[in-house]
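The chain contents come next:
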Amino acid sequence: MHLVSHPDEVKVVSKRFGKGATDLDRYLALDGYKAVQKALGMQPDGIINEVKNSGLRGRGGAGFNTGLKWSFVPKQSAKPKYILCNGDESEPGTCKDRLIFEHDPHAVIEGVVIAGLAVGSHTGYIYIRGEYRYLSNLMQKAIKDAYARGLLGKNIFGSGYDFDVYWHGGAGAYEVGEESALMESLEGKRGIPRIRPPFPAVVGLWGGPTVINNAETLASVPHIILGGAEWYSNLGTPKNGGTRLFCLSGHLNRPGVYELPMGYNLKKMIYEVGGGIPNRKKLKAVVPGGSSTPVLTADEIDAPMDFDSLMKAGSMLGSGGVVVLDETTCIVKFALRTMKFYRHESCGWCIPCREGTDWLEKTLIRLHAGGGLKKDIDNILYLSENMLGRTFCPLGDAAAMPTIAFVKKFRKEFEDHLEARPCAFEAAGSVERLPVMA
Amino acid sequence: MADVNITVDGKKVTAPAGTLLIEACKSVGIEVPSFCYYPNLSLQGACRMCLVKVEKMPKLQTACTTVISEGMIAITNNDEVRQARKSMVELLLGNHPLDCPVCDAGGECELQDMTFSYGAAESKFMEAKNHKDEQQWSPVVYFDRPRCILCYRCVRVCGEAMDVWALGVQNRGVVSVIAPNKEDHLECEECGMCIDICPVGALTSGAYRYKTRPWEMNHVGTICTHCGDGCKTTLGVRRSDSGMQIVRGDNRDKSGINGDFLCIKGRYAFDFADDPQRVTTPLIRRDGQLAPSTWEEAFELIGKRFAEIRDKEGGRAIGVVGSNRTTNEENYLLSKFARVVLKTNSIDHRRTADFPAFAAAMVGKPHAAATMRDVFNAPAILVIGNNPTEQHPLLAWQIRNNVRLHRARLYVINSRPIKLRRQATSFTEIPQGTEGQAAAFLGGDDSAAEALGSGSREMWVGLRDKLRGEGKLIIIFDSAIRGKDISALVKFGSAVSGAKFVCLGDYSNSRGAADMGLYPDFLPGYRPIADASTFKDEWGDMPTAPGLNVSQMAEAAAAGTLKGFYVVGSNPVGGLGLDPFAFSNTFVVVQDMFLTETAQMADVVLPSANAYEKAGTFTNTCGDIQLVKKAGEVSDVKSDFEMIVRIADATGFEVRKLVPFGGRGTSADMGQSRGAQSGEADRHVVWLEAHGLEPKMSPFDPMAILDEIQRLVPGYDVSRMNLLAGNDQHTTTVGTGQGGVQDAKLIAPANDNLFTSGTLGRYSRALNSVIENRNPEPAEEVAAD
């Protein structure tokens, strides 16, 4: 992927991007594996506290304090404990883990090993989404190199500590980004989420206590160990420690992945870092954290990009995928495209998500094609609101939340499509017309 | 476990810790609807119907996955919960075809019920429904895909409960479908549990589909007539030209010893009953050919001939063969008829286990026979020989699910790697035919270990020690263990605290046939002929020397000394290999449904009713007695009970001495009509009085004989009220300590598999239609009875 940069960037996770760190010698020369060696000299609780105090919050989207998550793993366990790297990056608008795997695979391995030292695990799995096959090859090579150098396997760094890391490829399911579904998939079963409790920290992979973290989260850990909790924490805002890879896409002059401090202003991110909207078009909306986060209108974007502030703004920071939509975008079509994705990716396990996404897509197709009635708009809201919070896993919420926001914030655009009126944003005749059904 | 207190809708509920909220609600009569939740199957949380409000939780919670905790406050009926349920039903109906008017499940569909209770009356959707074509998975299982609501009950019951794992989910999202194991069809045990457990009409039965509506049938809960396990099956019965037709078998009310379970035979193999090859009129041999006659002519002829032979040649010239599939009342009556009317002890049946030896070994341990329910609850089980999955499907279900749900320890000793080994803590392979030695070894005969194959002496001693350490062990064995080996095994078990036993016999009433004395040397209750005093007092004069067994009867026929041969519901020619030509000069009477090999050599064939067409009781292989209910009246056939009585009458015998019937008033008359000769009161009437029972009004009422069985057969004195209510009850039949000597050669196990059932199985279209029947396990002797 083409690398971009901006002066406001604070490069922590991305500091080795473009520096050939896929090569182990190069990685070692760039402070690689120093964090593991430091962690080997630390107490497990010390590692956990360092991560906890750094304010690092899960970069997958939920934003849970990473150190706190680690501390839930029982000290004593009859079953082996596992570290899982969730590299099933599939959220539309998100492409940050991809860069990490591409440019800095050893950082992920290092993060996995440190997490293992923190919770007393000896086995790590790096699960990479099926579509990232070429990255899987890179990761497998990195693991092989690390083994060859004695950095993985028996007695790592001569410490007497054994740690194994395995790669595992996905089979093409967004749903498997959900942590318990990922464990099912890794165990060779259908990628269906598990009933919780028990939570993975207690009963996870193969029934053992498991830490599962996003790839970016784990890649941040070595930097925290080397730089210290205070340094990392101060990069961001209180309670939102550090930096984050933001994936800027859509109608921007300079789209790309930028590492910015947590709390960086969204408006600034769009107009300065991303270079603003091309062709002097006006901004219509921004999806701030991947396709499942509720859309923000142009008036709502003057907000700091951290978990808590976006929650306050009625959306979510999510996976850091910022999708910018200019005034030429048809929100109905955008809602339809989003729903098409969720209908396709719904695992089908529970009724509201399986059936709800299907009916939402069907209704949006007709509405966009001019066949809608006023009650269809209410039905879209009704369906979404009845999915929200009632599905087996967050995929249903991920489909419902943005849909509710599209309808509520852009209701007029939906109404403009009703009763056989053609979509104002499409070239005449480009959308197959559907009749209005009474 | 400690109790936990919660509040549901303002009601205080106390339930053991670990209880699921949905079950706690049920315990106080609060219904929380669900599709995917099913007791004893793994939790899914998939249908979201059971969402309820739990205080302190921001979102609604699934009651089926929420474990109650102290102080929990749950609300199951506020607006939010009601709306959630309503929307789930709306979503389910969105792609559901709503072809209820023609759907098999119409009227007994959980989706209909939920829609009625919780759903919405209008549809919000306008698009076409998603359609998927219907599939036929096997002759007995059809899958109408659009009707499926994906509750995964079928997948789980097939995998978790049946250990077959033939069903799975294909695709994802809205195009998810349940799929069979062989891409487009099923190869499995064909039990039909998936159909039974389906809450809608997605999985339908090949035998029943589109035949009728549930409310147009009578539902008769009776006992399956196939193997010896005694599953309760509810027959769906419709009126037809011949009286009635059975169109369905299921166990939806889960009331019997089998709970949810039925196998292919219980669910579909009632269809022999309307096979066109059934004999529907009495046949008498004329000029070498069997020709139709009337009932009157047939009974008159039989009565005359049997009386002639008895009076001229003595009762010993007549042999009687009873059945493993007739009721206890019929078997008892036949035993009594042979000895009292025909004056012969030459009565036998196809013996499928050494029940007399078992009864003898159980002397002094009347409660050591395990019930079928015990098998589901015992902490440890030992199975020596047999393949319960094939031969005793319910027993296998009980064992399997006991292991799964209660973590019972299962020990299997077998000459083949039977399927139950998958649940076993320990599987020990022995050479074929050494089950008896294994029993002997366990009983303390260390030298028997030599025969047990490659396992070292230490291994065997270790296994024996381990078994000795198991409390409440249930020991299960079949006909491979006989005579003294049974004594050895019981002796071994007696050293284990609380051990119980199951002796496996093969047909629906094998145990009853044995208990009712279909033996040349035993009377009912395994009382030896030599010790007949009780029965002599009650029954009147009868021969005192043991009679002939079934192979001796054939020899006697060949030698010309057996002049009469009366076969009731059995096929000794086809099943036991008797030479039909031996009976060339013997007057042979056969009561059967079909022209079996035995019936074909008969002089008179009487068309008989099967177990679904008559009333009575069956005793299953564990000794559980249950009520057999008549599904409906059928023309052209008579019950074996009625035919025996009519033949007795035709010989000139006073029927009242055979069947204690007749209204002789109340306690004021203590039955002087019967007791007059001896001056004693009529013991039968006294017993009826004492048990609050009325005298029966007809000589054809089997209940009259049940009264006598309960009065005279030790161990059968169970509660009549429970029996009539349809409950299983355990009999505690024990011998008199003298039953150990049996001719082991006479024991002929059925060797049926899941898809065969003796003679009956030959006439079951369902059993013969499934692919598994065409590729059976290693060919075993085709059995018949």
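Residue positions within a chain follow its written sequence, with the count starting from 1. To read the labels, note that chains go from A and ligands from 1, taken in the order they are written. Side-chain atom pairs in this predicted model are given and counted only at pLDDT of 80 or more, local residue features only at pLDDT of at least 70, and totals for whole chains, interfaces and linings cover all residues. As a rule here, side-chain values cover all heavy atoms of the structure and leave hydrogens and water aside.

A. Representation of the overall build of chain B. On a plain count of helices and strands, chain B comes out with 28 helices and 30 strands. Radius of gyration: C-alpha atoms only; globule rule: 2.2 Å multiplied by the number of residues to the exponent 0.38. Radius of gyration (C-alpha) of chain B: 28 Å, near the 28 Å computed for a compact globule of 785 residues. The C-alpha extent of chain B, read off along each of the three principal axes, is 90 × 65 × 60 Å. Relative to its 785 residues, chain B shows a buried fraction of 62%. Across chain B, every contact between residues at least 6 apart in sequence was considered, and the portion connecting residues at least 24 apart equals 69%. Runs of E in the DSSP output that reach at least two residues are strands. Runs of H or I that reach at least four are helices, and both are numbered from the N terminus. Exposure is judged per residue with a 1.4 Å probe applied to protein chains only, and the accessible area is read against the type maximum: over 50% gives exposed, under 20% gives buried, and values in between give partly exposed. The contact definition used throughout considers only heavy atoms, calling two residues in contact when any of these lie within 4.5 Å.

B. Up close: the sheet that holds strand S1 (residues 3-8) of chain B. Residue and element names in this part refer to chain B. Strands qualify as paired when DSSP identifies two bridges or more between them. If you walk across this open sheet you meet the 5 strands as S2-S1-S5-S3-S4, and the pairing is mixed. Unpaired on one side and paired on the other, strand S2 (11-16) and strand S4 (61-62) mark the two borders of the sheet. Where S1 meets S2, 6 bridges bridge the pair, whose relative direction is antiparallel. Bridge pairing in S2 links Ile 6 to Val 13.

C. Representation of the pattern of salt bridges in the model. Residues and elements named next belong to chain B. One side-chain nitrogen of Lys or Arg within 4 Å of one carboxyl oxygen of Asp or Glu is enough to make a salt bridge. Applying the stated criterion to the full structure yields 75 salt bridges over all chains. When the shortest N-O distance is used, the salt bridge between Lys 419 and Glu 189 registers 2.6 Å. Note that Lys 419 is positioned in the loop between strand S19 (409-414) and strand S20 (426-429) and Glu 189 in the loop between strand S9 (177-180) and helix H5 (193-197), a separation of 230 residues in sequence. With a relative accessible area of 17%, Lys 419 lands in the buried category. Note that Lys 630 is salt-bridged to Glu 633, the shortest N-O span being 3.0 Å. Looking at Lys 630, the relative accessible area reads 37%, which means it is partly exposed.

D. Local environment of the sheet that holds strand S16 (residues 318-321) of chain B. Residue and element names in this part refer to chain B. One open sheet accounts for 7 strands, arranged S15-S14-S27-S26-S25-S16-S17; its pairing is mixed. Both outer strands of the open sheet, strand S15 (289-292) and strand S17 (347-348), are each paired with one neighbouring strand and no more. Whenever a helix is involved, its axis is fitted only over the stretch in contact; in every case the axis is a line through C-alpha atoms, and angles between N-to-C directions fall within 0 to 180 degrees. Here helix H18 (residues 550-558) sits on the sheet and contacts S16, S17 and strand S25 (564-568); the angle it forms with S16, its principal contact strand, is near 145 degrees. In this fold helix H21 (residues 640-650) packs onto S25, strand S26 (587-592) and strand S27 (604-607), with an angle of close to 150 degrees to the strand it touches most, S26.

E. View of the confidence of the model for chain B. Residue and element names in this part refer to chain B. Confidence in the prediction of chain B, expressed as mean pLDDT, is 92, and 95% of residues score 70 or more. Note on scores: pLDDT gives the predictor's confidence for each residue, bounded by 0 and 100. In the predicted structure, residues 665-672 sits below a pLDDT of 50 and forms 10 contacts with residues beyond four places in sequence or in another chain. Scored below 50 in pLDDT, residues 778-785 shows 28 contacts in the model against residues more than four places distant or in partner chains.

F. Structural view of the domain arrangement of chain A. All names here are of chain A. For the domain bounds, the source is a domain assignment made automatically or taken from a database. Partitioning chain A into domains gives domain 1 (24-235), domain 2 (243-326) and domain 3 (331-433). Using C-alpha coordinates to define each centre, domain 1 is positioned 27 Å away from domain 2. Contact residues are listed per partner, giving 19 residues for domain 1 and 19 residues for domain 2. Looking only at domain 1, the three residues that lose the most surface to domain 2 are Arg 57, Arg 59 and Glu 91, adding up to 29% of its buried area. Where Arg 57 meets Asp 308, a salt bridge forms, and the shortest distance between an N and an O atom there is 3.2 Å. Counted as a polar contact is a pair of N or O atoms within 3.5 Å, where, for protein atoms, one must be capable of donating a hydrogen and the other of accepting one, and residues adjacent in sequence contribute only when both atoms are in side chains. The tally of links between domain 1 and domain 2 comes to 8 residue pairs in polar contact (both at pLDDT 80 or more). Looking at which element gives the most residues to the side of domain 1 that touches domain 2, the answer is helix H5 (residues 96-103), with 3 residues. Summed over both partners, the accessible area lost on bringing two parts together, with a 1.4 Å probe, is the buried area.

G. Broad picture of the side chain of Arg325(B). Residue and element names in this part refer to chain B. Along the chain, the position of Arg 325 falls in the loop between S16 and helix H8 (328-341). In this tally Asp and Glu are treated as negative and Lys and Arg as positive; neither His nor the chain ends contributes. Comment: no salt bridge for buried Arg 325; closest opposite-charge side chain is Asp 752, at 5.1 Å. Polar side-chain contacts of Arg 325 include one of 3.0 Å to the backbone oxygen of Thr 225. Within the structure, Arg 325 has its side chain in polar contact with the side chain of Ser 757 (distance 2.5 Å).

H. Molecular detail of the domain arrangement of chain B. Residues and elements named next belong to chain B. You can read the domains of chain B as domain 1 (3-77), domain 2 (130-276 + 751-785), domain 3 (283-351 + 510-654) and domain 4 (356-504). Of note, the centres of domain 2 and domain 4, computed from C-alpha atoms alone, are 31 Å apart. Contacts between the two partners involve 24 residues from domain 2, matched on the other side by 19 residues from domain 4. Buried area between domain 2 and domain 4, summed over both chains or domains, comes out near 1,800 Å², and the portion from carbon and sulfur atoms is 49%. Contact with domain 4 buries area across many residues of domain 2, yet Asp 163, Asp 229 and Ile 257 alone supply 31% of it, more than any other trio.

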